[in-house]
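An overview of the molecular structure
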Amino acid sequence: MLDCYPNTRHLMQHQQPEQPLYLFHKQLLEQSIDQFQQGFPGLLTYAVKANPSAMVIKAMLQHGVEAYDVASVAEIKLVQNLAKSLDKTVTLHYHNPIKSESAIAEAWHQCGVRSFALDDEFELAKLLKQIPDPASTELSVRFVAPVKHEVILDLNSKFGASVNGAIKLLRKVHAAGFKASLTFHPGTQCTQTQAYVDFIACAADIAKHAQVTLHRLNVGGGFPASYVKSFGPELAQYFAAIKTAVNTYFDVPPALVCEPGRSLVNDSVSLLLKVLHRRENGSLFLNDGVYGGLLEMKVVDLGWPMLCWRQGQLIDGERVPFKVFGPTCDSIDVLPTPMYLPKQIQDGDYIEVPLMGAYSSASATQFNGFLSDAYVQVKVSSYCSIQQASSLPLVAGL
Ligand SMILES: Cc1ncc(COP(=O)(O)O)c(C=O)c1O
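Residues numbered from 1 in each chain as written. Predicted model: local features only at pLDDT ≥ 70, side-chain atom pairs only at ≥ 80, totals over all residues. Heavy atoms only, no water.

1. Side note on the environment of Asn 368
Along the polypeptide, Asn 368 turns up in the loop between strand E18 (350-353) and strand E19 (374-378). With relative accessibility at 37%, the residue Asn 368 sits in the partly exposed group. Setting aside residues no more than four positions away along its own chain, Asn 368 makes contact with Thr 328 and Cys 329. A polar contact of 2.8 Å, which involves the side chain of Asn 368, links it to the backbone nitrogen of Cys 329. (Helix = DSSP H or I, 4+ residues; strand = E, 2+ residues; numbered from the N terminus. Buried < 20%, exposed > 50% of the residue type's maximum accessible area, 1.4 Å probe, protein only. Contact = heavy atoms within 4.5 Å. Polar contact = N/O pair within 3.5 Å; in protein donor to acceptor, adjacent residues only side chain to side chain.)

Here's what the structure looks like:
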């Protein structure tokens, strides 16, 4: 096995993987990091939950990402260990608003984390109990703006203080001597720049009524990736809208932080799947499914392109709908919408699914003993080369 294959064709000449294989296109990740580093008017942090694979995080560290949004002590340790192995220093924001007291204590005392999120007073009580030095620690109050926007998952149904709740909490955080910040998340795959503008206007209102000068404002993740059926404006438009909104609504604009997951990593990973079985009725069984890397396909139809391979060659022709099952014995392991694949697809063929960097291997289980966690580096993404070669019909949905 090579450390890095030049392209999928080359990989398939060397191996026909039995297990799902994630093809990591490092250059695409680097381009995406550059876009945020050069365009976002503040600090870039990476939301590890979107893709915690060591190969991806190492590439982030090597390409200058120095700050990470983590959701658990396990993620803290993962990033710290990888950083140590590369002799890098990292800053961590523990931005899961609900944490156990023991996790807060471990993060602060053992791991040196100095930035936490919260959205109610019970969490503040836990933080106060476990943190001996508030002055060194940033607490970011997570709030929800009353306006609703177009997103695929509304994370604010679970977290976020109301405007009035945030005003009270921010005051208390400040009075307790912490560095007082605000944070929000407009929801993942947010396709409207206006969402950020509305949340920033709301943040300015909260800070004003609380009479607190913010240490920082974290505008969350939510920036969209470009799928076939769901995409937003260029990232540059989000950055411009955020910059203008902060200057418009705040008398003294706070330092900004963002914590993208999906849009930072999504393009840089493709998932290579094997067809295990084709039934007479045309349904297909793949070596991965909704308990593995395809969970998001069960939840939302964003439109993933698909390329098909047979013996190292791309195959195409008329595409027809196939009902697709995963490899487990559970009947819910089935995709809710058909995959459009070449009519002749059969056992032993491969399906390459680009745009699978976010929330794919990250949420895969080992149910029934099926793993979906192996990564390999592949220099050129088939999706990009096909788009450049203008043979677009090879990609379903375009
Ligand atoms: C606190 C927090 N920050 C950032 C993210 C990343 O969001 P996205 O992948 O939509 O950019 C999430 C996603 O759940 C989150 O909960």
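2. Points about the pairing of E19
With two bridges connecting them, strand E1 (residues 4-5) and E19 associate as parallel partners. Bridge pairing in E19 places Tyr 5 opposite Val 378. With four bridges joining them, strand E2 (residues 21-24) and E19 adopt parallel strand pairing. For Tyr 22, the partnering residue across the bridge sits in E19 and is Tyr 375. (Pairing = 2+ DSSP bridges.)

3. Notes on the nonpolar core
Counting residues in each nonpolar core, the largest one holds 112 residues, and the members touching the most others are Tyr 46, Tyr 68, Val 219 and Ile 351. Built from parts of two domains, this core gets at least three residues from each of domain 1 (4-22 + 266-394) and domain 2 (27-264). Beyond its immediate chain neighbours, meaning those up to four positions away, Ile 351 contacts Leu 271, Leu 272, Leu 273, Val 275, Leu 286, Met 306, Leu 307, Cys 308, Met 339, Leu 341 and Ile 345. Counting residues in hydrophobic clusters, the runner-up holds 12 residues, among them Leu 21, Leu 272, Leu 307 and Trp 309. (Core = buried A, V, L, I, M, F, W, Y, C linked by side-chain atoms within 4.5 Å. Domains from an automatic or database assignment.)

4. Points about helix H9 (residues 235-249)
Its 15 residues place the ends of H9 21 Å apart at the C-alpha level, agreeing with the 21 Å of an ideal helix rising 1.5 Å per residue. Of the positions making up H9, those classed as buried are Leu 235, Tyr 238, Phe 239, Ala 241, Ile 242, Ala 245 and Val 246. Seen end-on, H9 carries its buried residues on one side only, within an arc spanning 165°. On its buried face, H9 sits against helix H2 (26-39), helix H8 (193-210) and strand E10 (255-258). (Expected span 1.5 Å × (residues − 1). Arc of directions from axis to C-beta.)

5. Here we look at the domain arrangement of the protein chain
Domains assigned within the protein chain are domain 1 (4-22 + 266-394) and domain 2 (27-264). With 24 residues of domain 1 at the interface, the matching set in domain 2 holds 23 residues. Summing the contributions of domain 1 and of domain 2, the shared interface buries around 1900 Å²; its carbon and sulfur component is 62%. The largest per-residue losses of area from domain 1 upon contact with domain 2 belong to Asn 266, Leu 302 and Tyr 359, which jointly make up 31% of the total buried on that side. Looking at the side of domain 1 that touches domain 2, the elements with two or more residues in it are helix H11 (295-299) and E19. Per element, the largest residue contribution to the side of domain 1 that touches domain 2 is three residues, and it comes from E19. Classifying every residue of the side of domain 1 that touches domain 2 gives 13 nonpolar, seven polar and four charged. (Buried area = accessible area lost by both parts, 1.4 Å probe. Nonpolar A, V, L, I, M, F, W, Y, C, P; charged D, E, K, R; others polar.)

6. Observations concerning the side chain of Ser 140
One can find Ser 140 in strand E7 (residues 138-142). If sequence neighbours within four positions are ignored, Ser 140 has contacts with His 95, Phe 116, Ala 117, Leu 118, Ser 181, Leu 182 and Thr 183.

7. Comments concerning the packing of aromatic side chains
Overall, the coordinates contain 17 aromatic pairs when judged by the stated rule. Each ring, one from Phe 36 and one from Phe 239, has its centre 5.3 Å from the other, and the planes form 65°; the classification is edge-to-face. In this pair, Phe 36 is assigned in helix H2 and Phe 239 in helix H9, connecting sequence segments 203 residues apart. The class of Phe 239 is buried, set by a relative accessible area of 5%. The interplanar angle of 70° and the centroid separation of 5.9 Å between the aromatic rings of Phe 223 and Tyr 238 together place this pair among those described as edge-to-face. In this pair, Phe 223 is assigned in the loop between strand E9 (216-218) and H9 and Tyr 238 in helix H9, connecting sequence segments 15 residues apart. Here Tyr 238 falls in the buried class, since its relative accessible area comes to 1%. Taken together, the ring pairs connect Phe 36, Phe 40, Phe 143, Phe 184, Tyr 196, Phe 199, Phe 223, Tyr 238 and Phe 239 into an aromatic cluster. Here the basic side chain of Arg 114 rests over the ring of Trp 108, its NZ or CZ set 3.5 Å away from the ring centre. (Phe/Tyr/Trp six-rings, centres within 6.5 Å; stacked < 30°, edge-to-face > 60°. Lys NZ or Arg CZ within 6 Å of the ring centre and 35° of its normal.)

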